[in-house]
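Inside the fold
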Amino acid sequence: MDEGAGRGGAKRVALSVGLSVAAQYEDGVLALGELDPLDDAPVHAASVSEALGRFGYTETWHPGEAADLGEKVRNAVRCGDTQVLVVHIVAHGRLAETGERDLHVVASDGTDLDDPVSTWISLIESHPTKPRPLTLFILDLCHSGAAATLPWHLQMQVGDRRAWVIAASGREDKAFGYRLSRATAMVLGQYLEGTLAVDPSYQYIPLPTIAQEIAREVTQLSKAEGYAQEVAGSSVPLTARVHDLPFFPNPRHRSQESMLSEVDVGIASMLDEVFDPRHFMLRGASAEPLERGVSGQGYFRGRDAEVRTLATWFNGQGPGFRLLTGKPGVGKSALLGVLVCAAHPILRGATQGLWLSLSVKPGRNKRLAVVHARRRDLAQITDSIARQMGAAEKDRPVDGWDTQGLLKLGQANPGPPYTLVIDALDEAERPEDVTQALLLPLARAALADNPGVRLLVGTRSDRRFATLAQFANASGGLLDLNHAQPHEIYDSLQQYVVDLLAVDTPYAESEAAGAAAALAEGIAARLTGINTPSQPADKTEPLEWGEFLAAGLYLRHVLTLPTQHDPALARELGLDAPVELPELLELDLVDRADQPHLRPVLAALAHAEGRGMPERALAHIAPAFMRPESSDSSLPIGQLQAALAQARFYLRRDIDIDGTTLYRLFHEGLAERLRAEPYGRQEQTR
């Protein structure tokens, strides 16, 4: 990292100062009325400075420096070369007894600095045309809440503010024991170590979340040490979004470049973050259960009728609105993924191996906007669509983009209608709002004469989207993957398994070729009910979740077993494939006996309600599902995150309002099984 250059390229500067004061003692005791000397103030300033340094900040205050602090701060907030500045002061604070009764920092000689803290904030906020760094004041001072609640500052629009405050106490209150500095150093360290975390989709840790965690720690210190103390901070309206303040880069953030490491890195900056191209590439590759990622080899098989229908739709034929739906794991995202890769002008060349075998291929579409809606809210989805349609940030309406604004964008750029593709609607934040406010109006517009847009939406079957489904059905645009014929799935599933086995597995060897074909046929027969000895073809019952995903998960288990070379025995192995999701889970967990925290984490998540459970709660709940001799009060963060990574196929993720990742099981059948048998069958019998 370049000196002073933080993650994301911003120049980050810190000014972390601890001021002790000279004190008079009488018989070894502090004289009456004298200020506490705060001998350890420089030590706590140094600990915060060290933590800031790990976030990419360059420290500009040196222990023992004799420079005037007021002048030092003034120079720092007027430095046009600095993009992000943190000013941390641990010292005595005093309210002026006359005048405006502003907050002043007490210097080492016991006198107030000439400038009140409000003057430093005014130097930033009162000069909107002058270059000023985005500045965070962390004030470990008595009465420091006075700087966090300046009336004129609170009246500013949140988006215009360049100064923010975290204060150790309220205006009329005291600060004790360096608590704000201790809490700040601890919380920053926990984010760096992973004990605390926000979702990887966030580039920066939201400042309100940081402040909340610091306040929580100060409260704990107050309970342990006595003397109540409450942190104060810059107030913002409940509706304001301040998640993108770049003070603290998220150590877990997956940059666009890292997400596209398997694709030409030169195209990374050209793709919109909410598009999430890796989602479409991974689903289009259709080899996630075997963790093959995007290797250039595509395994999408079958769905020939749907491929023809949607490929021609991408090329401008058919109704302007289509809805693609079906049960969990049925392959909606795989189908959309392979078609998006073929149609997108940037992804098309880099992903040729994924879509080249399609019987009908979409043409290159330069007017294509794509969104992966998982964990995205209405504003993020509309903003992304607008950006992909060519809008600049300055074009964004004050109240954000809406349907009419997007349609006007389409009309402003002459050419064929824009093709809009939105996947995982059911996993969006407040998907009903997205449907009512955006998708239904867009669908109506797409079906009108001379439309400016065409719309394709992918979502799981869900009564929340009944109106959208009825609307699509009435216009001939509904594609329900649940209605595929078993014989079609049987044929495609065989080919899918054969192709997965043919690459980097023991079944790719010539002596196992016959067994590979028989194994694939057995799996396809078991999962579709076709050609099984115990199930007549006309009595087959479809699985409650996707056959292709079930086959891939079962193959994970099969490949842990000794390679079977006898075709007859290989077919029997295929016919042993579980048809119920919980049974597949049990097979997977048996294979992972060396990962003792996986089942307890899944068992804890079986009790998650609503949008899910955060890591903080999960770490405390999971040990309850361990054997008594191995249980602890809390699961260490490294072990928890390893278990979550191992369990990723079974999880759905969401984001809380503070940026915290929430986890839950993706299928109620899993939750029911794990609630009934949290310790596993072997453990239950002990």
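1. Brief notes about the nonpolar core
Formed by 67 residues in total, the largest nonpolar core has its most connected members in Tyr 507, Leu 519, Leu 555, Val 601, Leu 602, Leu 605 and Leu 665. Broken down by element, this core gets its largest block of residues, nine residues, from helix 19 (residues 513-528). Contacts of Val 601, omitting those with residues within four sequence positions, involve Leu 618, Ala 622, Leu 635, Leu 640, Ala 643 and Leu 644. Counting 37 residues, the second largest nonpolar core, distinct from the first, contains Ala 168, Leu 180, Tyr 202 and Phe 248.

2. Side note on empty space enclosed by the protein
Tallying each qualifying case throughout the model produces one cavity of 30 Å³ or more. In terms of lining residues, the largest cavity is bounded by Leu 553, Tyr 554, Arg 556, His 557, Leu 584, Leu 587, Asp 588 and Tyr 650. Elements with a minimum of two residues in the lining of the largest cavity: helix 20 (547-558) and helix 22 (581-591). The element best represented in the lining of the largest cavity is helix 20, accounting for four residues.

3. Quick look at the sheet that holds strand 4 (residues 58-59)
With respect to topology, six strands assemble into an open sheet ordered 4-1-5-8-9-10, the strand pairing being mixed. Strands with a single pairing partner mark the edges of an open sheet, and in this sheet they are strand 4 and strand 10 (232-233). Sheet topology places strand 8 (residues 134-140) next to strand 9 (residues 163-167); five bridges connect them, and they run parallel. Across the sheet, residue Phe 137 finds its bridge partner in strand 9, namely Val 165. Strand contacts of helix 1 (residues 41-54): strand 1 (12-18), strand 4 and strand 5 (84-90), with the helix running at about 165° to strand 1, the strand carrying the most contacts.

4. What to know about the packing of helix 19 against helix 21 (residues 567-575)
Across the interface, helix 19 lies against helix 21 with an axial gap of 7 Å and an inter-helix angle of 30°. Taken together, the axes of helix 19 and helix 21 are roughly parallel relative to one another. In this structure, the crossing between helix 19 and helix 21 has a hand that is right-handed. Counting all contacts with helix 19, which are made through Gly 514, Ala 515, Ala 518, Leu 519, Glu 521, Gly 522, Ile 523, Ala 525 and Arg 526, the residues of helix 21 involved are Pro 567, Ala 570, Arg 571, Leu 573, Gly 574 and Leu 575. In terms of residue class, the contact of helix 19 with helix 21 is made up of nine nonpolar, three polar and three charged.

5. Structural notes on the pattern of salt bridges
For the coordinates displayed, the defined rule picks out 18 salt bridges. The partner of Arg 74 in a salt bridge is Asp 115, and the shortest N-O contact between them spans 2.1 Å. Of this pair, Arg 74 sits in helix 2 (residues 69-77) while Asp 115 sits in the loop between strand 7 (103-105) and helix 3 (117-125), and the two are 41 residues apart along the sequence. Taken individually, Arg 74 and Asp 115 each receive the classification buried, so the pair is uniform in this respect. The salt bridge partner of Glu 213 is Arg 616, with a shortest N-O separation of 2.3 Å. Here Glu 213, found in helix 7 (residues 207-225), pairs with Arg 616, found in helix 24 (residues 615-621); they are 403 residues apart in sequence, far enough to count as distant. We classify Glu 213 as buried; its relative accessible area is 8%. Take Arg 616: its relative accessible area is 40%, and that puts it in the partly exposed class. Through salt bridges with shared partners, a single ionic network connects Glu 71, Arg 74, Arg 78 and Asp 115.

6. Considering the packing of aromatic side chains
Under the criterion given, the structure shown has five aromatic pairs. Each ring, one from Tyr 496 and one from Phe 548, has its centre 5.3 Å from the other, and the planes form 70°; the classification is edge-to-face. Of the two residues, Tyr 496 sits in helix 18 (residues 486-501) while Phe 548 sits in helix 20, which places them 52 residues apart along the sequence. For the pair Tyr 496 and Phe 548, one class covers both residues: buried. Over the ring of Tyr 418 we find Arg 367; its NZ or CZ atom is 4.1 Å from the centre of that ring.

7. Re the packing of helix 2 against helix 3
It is the contact of helix 2 with helix 3, at a shortest axis distance of 9 Å, that shows an interaxial angle of 15°. Taken together, helix 2 and helix 3 sit at an angle that is classed as roughly parallel. The way helix 2 lies across helix 3 gives a crossing that is right-handed. In this structure, helix 2 uses Gly 70, Val 73, Arg 74 and Val 77 to contact helix 3, whose residues at the interface are Trp 120, Leu 123 and Ile 124. Of the residues belonging to the contact of helix 2 with helix 3, the class tally is five nonpolar, one polar and one charged.

8. Quick look at the sheet that holds strand 18 (residues 661-665)
Pairing between the strands of a sheet is mediated by backbone hydrogen bonds and can be parallel or antiparallel. With antiparallel pairing, three strands are arranged side by side in an open sheet as 16-18-17. This sheet does not close on itself; its edge strands, each paired only once, are strand 16 (613-614) and strand 17 (651-655). In terms of strand pairing, strand 17 meets strand 18 through five bridges, oriented antiparallel. Residue pairing for strand 18: Ile 655 is matched across the bridge by Thr 661. Running over the sheet, helix 23 (residues 598-605) touches strand 16, strand 17 and strand 18 and is turned about 90° from strand 18.

The rules we used
- Numbers given for residues are sequential positions, taken from 1 along each chain in its written order.
- pLDDT decides what is reported in this predicted model: residues at 70 or higher carry local features, side-chain atom pairs at 80 or more are listed and counted, and totals for whole chains, interfaces and linings draw on all residues regardless.
- As a rule here, side-chain values cover all heavy atoms of the structure and leave hydrogens and water aside.
- The nonpolar core is taken to be a set of buried Ala, Val, Leu, Ile, Met, Phe, Trp, Tyr and Cys residues, with the residues joined through side-chain atoms within 4.5 Å.
- Burial classes: relative accessible area under 20% of the type maximum marks a residue as buried, over 50% as exposed, and values in between as partly exposed (1.4 Å probe, protein chains only).
- By definition, any uninterrupted DSSP run of H or I lasting at least four residues is a helix, any uninterrupted run of E lasting at least two residues is a strand, and each is numbered from the N terminus.
- Any pair of residues with heavy atoms lying within 4.5 Å of one another is described as a contacting pair.
- Of the two site types, the cavity is a set of points on a 1 Å grid over the protein atoms alone where a 1.4 Å probe fits but cannot get out, and the pocket is an open set with protein on both sides within 12 Å along at least five of seven lines, each lined by residues with an atom within 4 Å of a point.
- Grid points are joined across faces, edges and corners, and a volume is the space filled by probe spheres set on the points.
- The rule for pairing is simple: two strands pair if DSSP sees at least two bridges between them.
- Axis angles are defined between N-to-C directions and span 0 to 180 degrees, where every axis is a line fitted to C-alpha atoms and, for a helix, only to the segment in contact.
- Oblique is the label for any angle not under 35 degrees, not over 145, and not in the 65 to 115 range, which are roughly parallel, roughly antiparallel and roughly perpendicular in turn.
- By the definition used in this description, the sense in which the near helix is turned from the far one sets the handedness, with an anticlockwise turn below a right angle giving left-handed and a clockwise turn giving right-handed.
- Basically, the charged four are Asp, Glu, Lys and Arg, the nonpolar ten are Ala, Val, Leu, Ile, Met, Phe, Trp, Tyr, Cys and Pro, and anything else, Gly included, counts as polar.
- Salt bridge criterion: a side-chain nitrogen from Lys or Arg within 4 Å of a carboxyl oxygen from Asp or Glu.
- We call Phe, Tyr and Trp rings a pair once their centres come within 6.5 Å, taking the six-membered ring for Trp, and we label the pair stacked below 30 degrees between planes, edge-to-face above 60, and tilted otherwise.
- Counting as a charge over the ring demands two things of the Lys NZ or Arg CZ atom: a distance within 6 Å of the ring centre and an angle within 35 degrees of the ring normal.

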